[in-house]
Amino acid sequence: MSDLDRNAPHVFTPSGLNRLVRDLLEDALPMGVWIEGELSNVSRPASGHIYFTLKDANAQVRCAMFRMAASRLRFRPADGMHVLMRAKVGLYEARGEFQLVADHMEPAGEGALQREFEQLKARLGAEGLFDPERKRPLPDFPKRIGVITSPSGAAVRDVLSVMGRRFPLAEVDVLPVPVQGREAPPAIAAMLRSASASGHYDVLLVTRGGGSLEDLWAFNDGSVARAIHASDVPVVSAVGHEVDFTIADFVADLRAATPSAAAELLVPDGADLERRLDRLRQRMATLMARRLQAAAQRADHWQARLNTQRPQARLARDAQRLEALRRRLHMSIGQANALRRARLERLQARLAARHPRLRLDPSRARLAELRQRMSSAIGRRLERERARVAQQGRTLHAVSPLATLERGYAIVFDERDAIVRRAADVAVGERVRVMLGEGELRLRRED
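Note that the coordinates shown come from a computational prediction; the quantities given were computed from them, not determined experimentally. By convention here, each chain's residues receive numbers from 1 onward along its written sequence. Local features in this predicted model are restricted to residues whose pLDDT is 70 or higher, and side-chain atom pairs enter the listing and the counts only when it is 80 or higher, whereas totals over whole chains, interfaces and linings include all residues. With hydrogens and water excluded, all non-hydrogen atoms of the structure serve as input to the side-chain values.

## Focus: the domain arrangement of the protein chain
So, point 1. Start and end positions for the domains come from either an automated domain assignment or a database one. Examined at the domain level, the protein chain breaks down into domain 1 (14-108), domain 2 (113-268), domain 3 (272-311) and domain 4 (406-445).
So, point 2. Each of domain 3 and domain 4 was reduced to a C-alpha centroid, and the two centroids are 134 Å apart.

## Considerations on the environment of R166
So, point 1. Only runs of H or I of at least four residues qualify as helices and only runs of E of at least two qualify as strands under DSSP, and these elements are numbered from the N terminus. Counting through the fold element by element, R166 comes out in helix α5 (residues 154-166).
So, point 2. Categorising residues by exposure relies on relative accessible area from a 1.4 Å probe, with only protein chains included: less than 20% of the type maximum marks a residue as buried, more than 50% marks it as exposed, and the intermediate range marks it as partly exposed. Looking at R166, the relative accessible area reads 15%, which means it is buried.
So, point 3. A sequence separation of 25 residues divides R166 from F141, and the C-alpha atoms of the two residues are 12 Å apart.
So, point 4. The contact rule is simple, with two residues in contact once any of their heavy atoms fall within 4.5 Å. Each residue touching R166, except ones within four places of it in the same chain, is listed here: A263, E264, V267, P268, D269 and G270.

## What to know about the pattern of salt bridges
So, point 1. Note on definitions: salt bridges are taken to be side-chain nitrogens of Lys or Arg within 4 Å of carboxyl oxygens of Asp or Glu. Tallied over the entire structure, the rule returns 18 salt bridges.
So, point 2. D173 is the partner of R144 in a salt bridge, and the nearest nitrogen-oxygen pair spans 2.9 Å. Pair noted here: R144 is in strand β6 (residues 144-149) and D173 is in strand β7 (residues 171-176), with a separation of 29 residues, a long-range link.
So, point 3. Classification of D173 as buried rests on a relative accessible area of 16%.
So, point 4. A salt bridge links R386 to E383, with the shortest nitrogen-to-oxygen separation between them at 3.0 Å. Note that R386 and E383 are positioned in helix α12 (residues 357-398) at a spacing of 3 residues, about one turn of the helix.

## Focus on the packing of α5 against helix α9 (residues 259-266)
So, point 1. Running from N to C, α5 and α9 cross one another at 30°; their axes reach a closest spacing of 8 Å. For the element pair α5 / α9, the angle class is roughly parallel. The hand of the α5/α9 crossing is right-handed. Across the interface between the two elements, A155, D158, V159, V162, M163 and R166 from α5 touch P259, S260, A263, E264 and L266 from α9. Every axis in this analysis is a line fitted to C-alpha atoms, fitted for helices over the stretch in contact. Angles between the N-to-C directions lie between 0 and 180 degrees. Under this scheme an angle from 65 to 115 degrees is roughly perpendicular, one under 35 degrees roughly parallel, and one over 145 degrees roughly antiparallel; angles in between are oblique. Working rule for handedness: look at the near helix, and if it is turned counterclockwise from the far one by less than a right angle, call the crossing left-handed; if clockwise, right-handed.

## Quick word on the environment of G90
So, point 1. With respect to the secondary-structure elements, G90 resides in strand β4 (residues 82-92).
So, point 2. Overall, the relative accessible area of 8% leaves G90 in the buried class.
So, point 3. In sequence terms G90 and D215 are 125 residues apart; their C-alpha atoms lie 33 Å from each other.

## Describing the side chain of T149
So, point 1. Relative to the elements of secondary structure, T149 occurs in strand β6.
So, point 2. Pairs of N or O atoms are called polar contacts if they sit within 3.5 Å, as long as, within protein, a hydrogen donor faces a hydrogen acceptor (for residues adjacent in sequence, only side-chain-to-side-chain pairs). Among the polar contacts listed, one links the side chain of T149 to the backbone oxygen of T207, at a separation of 2.7 Å.
So, point 3. Residues within four places of T149 in sequence aside, it is in contact with V156, L175, P176, V177, V179, T207 and R208.

## Section: the sheet that holds strand β5 (residues 97-107)
So, point 1. Pairing between strands is defined by DSSP: at least two bridges between them are needed. Strand order around the closed barrel formed by 5 strands is β1-β2-β3-β5-β4, with mixed pairing between neighbours. Ignoring which end each strand starts from, the neighbouring axes of this sheet average 55° apart.
So, point 2. Summarising the sheet, strand β2 (residues 50-55) and strand β3 (residues 60-65) pair through 6 bridges and their orientation is antiparallel. Residue pairing across strands places Y51 opposite A64, the latter belonging to β3.

## A word on unusual backbone geometry
So, point 1. Unlike most non-glycine residues, N41 shows phi in positive territory, near 55°.
So, point 2. With relative accessibility at 55%, the residue N41 sits in the exposed group.
So, point 3. Positive phi outside glycine occurs at D417, with the angle close to 65°.
So, point 4. Within the element layout of this structure, D417 appears in the loop between β11 (411-413) and β12 (431-435).

## Quick look at the nonpolar core
So, point 1. Residues grouped as a nonpolar core are buried Ala, Val, Leu, Ile, Met, Phe, Trp, Tyr and Cys residues, joined through side-chain atoms within 4.5 Å. I188, L192, F219, I228 and I247 are the most contacted members of the largest nonpolar core, which totals 32 residues.
So, point 2. Among the secondary structure elements, those contributing two or more residues to this core are α4 (110-126), α6 (184-198), β8 (203-208), α7 (222-230), β9 (235-239) and α8 (247-251).
So, point 3. If sequence neighbours within four positions are ignored, L192 has contacts with I148, L204, V206, V224, A227 and I228.
So, point 4. Grouped together as the second largest cluster of nonpolar side chains are 18 residues, I50, F75, V89 and L100 included.

## Details of the packing of aromatic side chains
So, point 1. Stacked, edge-to-face and tilted are the three classes for Phe, Tyr and Trp ring pairs, Trp counted by its six-membered ring, which pair at centre distances within 6.5 Å; planes under 30 degrees apart are stacked, over 60 edge-to-face, the rest tilted. Enumeration over the complete set of coordinates arrives at 3 aromatic pairs.
So, point 2. When the centroid spacing of 5.7 Å and the interplanar angle of 45° are considered together, the rings of F130 and F250 count as tilted. Of this pair, F130 sits in the loop between α4 and β6 while F250 sits in helix α8; the two residues are 120 residues apart in sequence, bridging distant segments of the chain.
So, point 3. Among the residues examined, F250 registers a relative accessible area of 24% and is labelled partly exposed.
So, point 4. Ring pairing ties together the aromatic residues F130, F245 and F250, which thus form one cluster.
So, point 5. Between the NZ or CZ atom of R255 and the centre of the ring of F245, over which it lies, the distance is 3.9 Å.
So, point 6. Geometrically, a lysine NZ or arginine CZ counts as sitting over a ring once it is within 6 Å of the ring centre and also within 35 degrees of the ring normal. Geometry around F413 places R433 over its ring, the cationic atom sitting 4.5 Å from the centre.

The structure is reproduced here in structure tokens:
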């Protein structure tokens, strides 16, 4: 045998190599792995299998979930969802592609959501939103009920069906809101505030059907909890199934296990009310019969006493007395009216004698006289003041420097506008300003 034959490498076929790599992977990780990432390229062919890619920021891996495992899922996988998955590591031999075969999958955020739920519950509990003392009783016979839910969900159909069967007299308004997704919490809180402020409703029901913790998360929001707490009317919460609890359940005045149970708690049973009414009618009829019988016996007793006392004579005497009193009253009323009429005439005569018109004309004449005297006094005073002011003006002008200038004198100012009193105060070549009675001169000293 040649050296080439002894050292020749083992030659694989593609299928043999893929089988070897698959066996190595399955032997290295026989129990499978837990892996978390984001779904993309989710495909659901008619076979019932699910094919998808699981990725993070730096890598991705092709995955498959066969029909049996896919039928046990509690949610529908979709692109962009963050999931936690248990899978076996393997190799798809036909293409030589590394892949994961999943047998379990759940939304990766459920654990984080549960922790967030517990933290919010503790915080709102510390604020007093769950205090039993603030829970209000529901009205026995609500006239108008507001149901805050999705108008297309199964929950609203169950609620309307139960209420219509049990108590059709109640008026039920469906107040539509989204019950899932990012826009749901602000919409639910706004509808709670609006319905409470409207004053139209005796009680409000906040409800939706069952789902995962993530599906019910809109009812674990602080704004929704505070809107329920601030409501002016009682609020009933019925979110999810019997085992589901949300923050809205703890804040509400009453928590119902299901939407149908909430409807039964909110309205009475019409058939039961009819039976109670029938019993009350029977009791009332029996009671009325007994009372009528007792009243008849009392009437017979009083009739017998009346017959023994012969009241006809007393009635005749009382009638005569009543007639005498009526005549006295009529006479008294006539005399009183005559006295009042005479007094009224005296008062009218006194009022006419003191009528303001009798004093108004003399007052007008007196006013005109005073106005004329005041006008004359003002005119004389003005003339005296004008004369005094004119005299003072003449006196002031006589001592004014301007009057002196008009008599031919002048005032000399140097370049600093200071008055020059001596010729020595002005240097040769310095300019001066001479003020005359009319106008000014500007000169310069030459010698």
